[in-house]
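Residue-level structural notes
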Amino acid sequence: QVQLVESGGGLVQAGGSLRLSCAASGIIFSMYTMDWYRQAPGKQRELVAAITSGGSTKSADSVKGRLTISRDNAKNTVYLQMNSLKPEDTAVYYCHASYYHIDYWGQGTQVTVSS
């Protein structure tokens, strides 16, 4: 059974930091591209950052320089380091794993940034 379990969300003041973690089980983690998506109330889910099996990364323009994705294949875990948070970063953050046509989603973790 595949599981992606996010943790690390919470309430933080603007300018603060959080680190999200997503622990994967049931997949050969090192083979998967791992992504973080987010969905704010009333908005569509959007890609925040992605990291390939080879370690290449990309991120949305709105988060460049503030939110950084990384992975630890030994721990089957992907991270999202979130610095200089803004109220507009408030959303449910989802972990996503993909390998060709196969993909899985986590249950999401709430991040709320107060002004």
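Residues numbered from 1 in each chain as written. Predicted model: local features only at pLDDT ≥ 70, side-chain atom pairs only at ≥ 80, totals over all residues. Heavy atoms only, no water.

1. Some remarks on the environment of Val78
Take Val78: it is sitting in strand S8 (residues 77-82). In this structure the C-alpha to C-alpha distance between Val78 and Leu4, which are 74 residues apart in sequence, comes to 9.9 Å. Not counting chain neighbours up to four residues away, the residues in contact with Val78 comprise Leu20, Ser21, Cys22, Phe29, Met34, Trp36, Ile51, Ile69, Ser70, Arg71 and Cys95. (Helix = DSSP H or I, 4+ residues; strand = E, 2+ residues; numbered from the N terminus. Contact = heavy atoms within 4.5 Å.)

2. Quick notes on the state of the cysteines
This model, assessed by the stated rule, comprises 1 disulfide. Across the disulfide, Cys22 is cross-linked to Cys95 (sulfur-sulfur distance 2.1 Å). Linking Cys22 and Cys95, the disulfide has an S-S dihedral of approximately -80° and is accordingly described as left-handed. Placement of Cys22 in strand S3 (residues 18-25) and of Cys95 in strand S9 (residues 91-99) is noted, with a sequence separation of 73 residues between them. An identical accessibility class is assigned to Cys22 and Cys95; each is buried. (Disulfide = S-S within 2.5 Å. Buried < 20%, exposed > 50% of the residue type's maximum accessible area, 1.4 Å probe, protein only.)

3. Looking at the pairing of strand S11 (residues 109-114)
Burial along S11 is one-sided: Thr109, Val111 and Val113 are buried, while Gln110, Thr112 and Ser114, pointing the other way, are not. With 4 bridges connecting them, strand S2 (residues 10-13) and S11 associate as parallel partners. Note on S11: the bridge partner recorded for Gly10 is Val111. (Pairing = 2+ DSSP bridges.)

4. Quick look at the pattern of salt bridges
Tallied over the entire structure, the rule returns 4 salt bridges. A salt bridge links Arg38 to Glu46, with the shortest nitrogen-to-oxygen separation between them at 2.7 Å. Between Asp89 and Arg66 there is a salt bridge whose closest N-O contact spans 2.7 Å. One end of the pair, Asp89, is in the loop between S8 and S9; the other, Arg66, is in the loop between strand S6 (57-59) and strand S7 (67-72), with 23 residues separating them in the sequence. The residues Asp89 and Arg66 share a single accessibility class, namely buried. Within the structure, one salt-bridge network assembled from shared partners comprises Arg38, Glu46, Arg66 and Asp89. (Salt bridge = Lys/Arg side-chain N within 4 Å of Asp/Glu carboxyl O.)

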